[in-house]
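Next come the chains, spelled out residue by residue.
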Amino acid sequence: MSKDDKTDQVIVLGAGIGGLTLALSLHQAGIACRVYEAVAELKPLGVGINLLPHATRELSELGLLPALDAVGVRTREAVFFNSHGQLVFREAAGTDAGYDWPQYSIHRGDLHAVLLNAVRERLGPESVVCGHRSTGVDQDETGVTARFAAPDGTALPSMRAALAVGCDGIHSVLRKQLYPNEGAPRYSGVNMWRGTAKHRPFLSGASMVRAGWLDQGKMVIYPIRNDVDADGNQLVNWVAEIHAPQPALQDWSRPGRLEDFMPAFENWHFDWLDVPALIRSSDAILEYPMVDQDPLPKWTHGRLTLLGDAAHPMVPRGSNGAGQAIIDARFLAGALHKLGVGTEALEAYDRVRVKATTEVVLTNRSNPPDTILREVFQRSGGQRFERLEDIVSTGELQAISDNYKRVAGYDPAALKARPSYL
Ligand SMILES: Cc1cc2nc3c(=O)[nH]c(=O)nc-3n(C[C@H](O)[C@H](O)[C@H](O)COP(=O)(O)OP(=O)(O)OC[C@H]3O[C@@H](n4cnc5c(N)ncnc54)[C@H](O)[C@@H]3O)c2cc1C
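Residues numbered from 1 in each chain as written. Predicted model: local features only at pLDDT ≥ 70, side-chain atom pairs only at ≥ 80, totals over all residues. Heavy atoms only, no water.

With respect to the overall build of the chain
Phase 1 of the analysis: A tally of helices and strands in the chain yields eleven helices and 18 strands.
Phase 2 of the analysis: The globule rule puts the C-alpha radius of gyration for 422 residues at 22 Å, and the 21 Å found for the chain is close to it.
Phase 3 of the analysis: For the C-alpha atoms alone, the extent of the chain along its principal axes is close to 70 × 45 × 45 Å.
Phase 4 of the analysis: Across the 422 residues in the chain, those meeting the buried criterion constitute 58%.
Phase 5 of the analysis: When contacts within the chain are restricted to residue pairs at least 6 apart in sequence, those whose partners lie at least 24 apart make up 74%.
Phase 6 of the analysis: Within the structure as shown, the chain displays about 17,000 Å² of accessible surface, and the carbon and sulfur contribution to it stands at 51%. (Helix = DSSP H or I, 4+ residues; strand = E, 2+ residues; numbered from the N terminus. Rg over C-alpha atoms; globule rule 2.2 N^0.38 Å. Buried < 20%, exposed > 50% of the residue type's maximum accessible area, 1.4 Å probe, protein only. Contact = heavy atoms within 4.5 Å. Areas by Shrake-Rupley, 256 points an atom, 1.4 Å probe, with all protein chains shown as cover.)

And the structure:
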């Protein structure tokens, strides 16, 4: 049984971005839940994340925009350059592009803290139970029994509820229980090095830059905190990505080495940014392989289901990892609200969200927004161009961006017309 008098209806496994959004959404729907997290203490980990308008709409419906505005940067434009610093494509983003909801560039730790504070405030301090690593969930006709272990491996008392949702990230234990023969995450052939550095505002002061291409080295650069010192500097997030035969180890906190990727970017001194100087001034560098998994045919198995990275890990090439986890959470809470806390709602969630995210996972592999850079790289042979219009039309590049918006669920007209999930 649960820890207090009120029986939890839903057990949420994992207090990451998806699990915490689910807890807030279930609470909004009047459904009692508790979140069980493996680590003994939740800390603000990671580096930058982008939240696109389809995700911020959901956070706005949870009343979180003021808290996000206090920590993140409202992104104003997406800008693409080749590795010579020549402008390839530019389009407005978030409210500047006419959406009703902003796009945020934000530190994952800040986003996580906004969600965690809201959960503790609204659901109470006991609603997130740390030091509880899920080791498996059994189900019977009336409910689920979730088993846990402490950080030292000691077995902890089991908990019971009507349903359990695995929000336990890319190495999900519940996913392994449901699909025991699935292999390790699939390496995309690209390693990433990530870091943050203090820097004066560049371009619009709220630009998301993608530059170069993976064969020679690609970068994603954007500010994630404003006014971090008295000189008006920002905290700028950068990610360097290069094709590599061997994957780096999968550990979100593994330090990276400058010499492994810096040669690819040593000449990137642009009039809008000195990239090597930015990288060298970073506090710490992290290394991580770009991985995903083949889409699953089904997440819901009776009273159990999956959400976020546990359900659909994707390569981070479309700013949709956190966003799709947030949308899963809102859709699932909406289904449970409308259909009742039972298997019918989990099946409804499965029917819609498996299909939608399968398309995102596959498009992130083949045709994400950075395909814009691939097209220009391939047609120019990676060389400087005289006139961009001689190799590609703006309309063609716009079509790549627009196609991704449609697939991921943030086509402006469709997003505006869509009823709320909850
Ligand atoms: C430490 C960390 C740093 C990250 N840094 C970045 C980053 O810099 N950039 C980026 O784009 N993405 C990062 N991510 C991934 C990003 O948060 C997710 O891709 C995305 O937000 C989807 O969220 P999620 O809730 O599905 O998964 P996550 O945010 O990964 O959350 C999963 C949660 O489940 C917990 N957990 C794992 N196993 C168990 C278990 N057996 N029982 C209970 N709890 C468990 C984890 O500790 C974690 O809190 C990071 C994830 C983590 C955990």
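A closer look at the pattern of salt bridges
Phase 1 of the analysis: Scanning the entire structure with this criterion turns up 33 salt bridges.
Phase 2 of the analysis: For arginine 57, the salt bridge goes to glutamate 61, with nearest N and O atoms at 3.0 Å. With arginine 57 and glutamate 61 both in helix 2 (residues 53-61), this residue pair falls four residues apart, about one helical turn.
Phase 3 of the analysis: Across the pair arginine 330 and glutamate 58 runs a salt bridge whose closest N-O atoms are separated by 3.0 Å. Linking arginine 330 in helix 7 (residues 321-339) with glutamate 58 in helix 2, this pair joins segments that are 272 residues apart in sequence.
Phase 4 of the analysis: A relative accessible area of 0% means that arginine 330 is categorised as buried.
Phase 5 of the analysis: Via salt bridges that share partners, Arg57, Glu58, Glu61, Arg330 and Arg418 belong to a single interconnected network. (Salt bridge = Lys/Arg side-chain N within 4 Å of Asp/Glu carboxyl O.)

Structural notes on the sheet that holds strand 7 (residues 104-107)
Phase 1 of the analysis: The strand order across the open sheet built from three strands is 3-7-4, with neighbouring strands paired in antiparallel fashion. The strands lining the two open edges of the sheet, one partner per strand, are strand 3 (48-51) and strand 4 (73-74).
Phase 2 of the analysis: Along the sheet, helix 4 (residues 108-123) contacts strand 3 and strand 7; its crossing angle with strand 7, the most-contacted strand, is approximately 90°. (Pairing = 2+ DSSP bridges. Axes fitted to C-alpha atoms, helices over the stretch in contact; angles between N-to-C directions.)

A look at the pairing of strand 17 (residues 285-292)
Remember that side chains alternate between the two faces of the sheet whenever the strand is regular.
Phase 1 of the analysis: When you tally the buried positions in strand 17, you get eight out of eight residues, the bulk of the element.
Phase 2 of the analysis: Here strand 13 (residues 186-199) pairs with strand 17 via seven bridges, running antiparallel. Looking at strand 17, one finds that glycine 195 is bridged to isoleucine 285.

Some remarks on the nonpolar core
Phase 1 of the analysis: Ile11, Leu22, Leu26, Leu51, Leu59 and Leu111 are the most contacted members of the largest nonpolar core, which totals 70 residues.
Phase 2 of the analysis: Of all hydrophobic cores here, the second largest spans 28 residues; its members include Val88, Trp213, Ile372 and Leu373. (Core = buried A, V, L, I, M, F, W, Y, C linked by side-chain atoms within 4.5 Å.)

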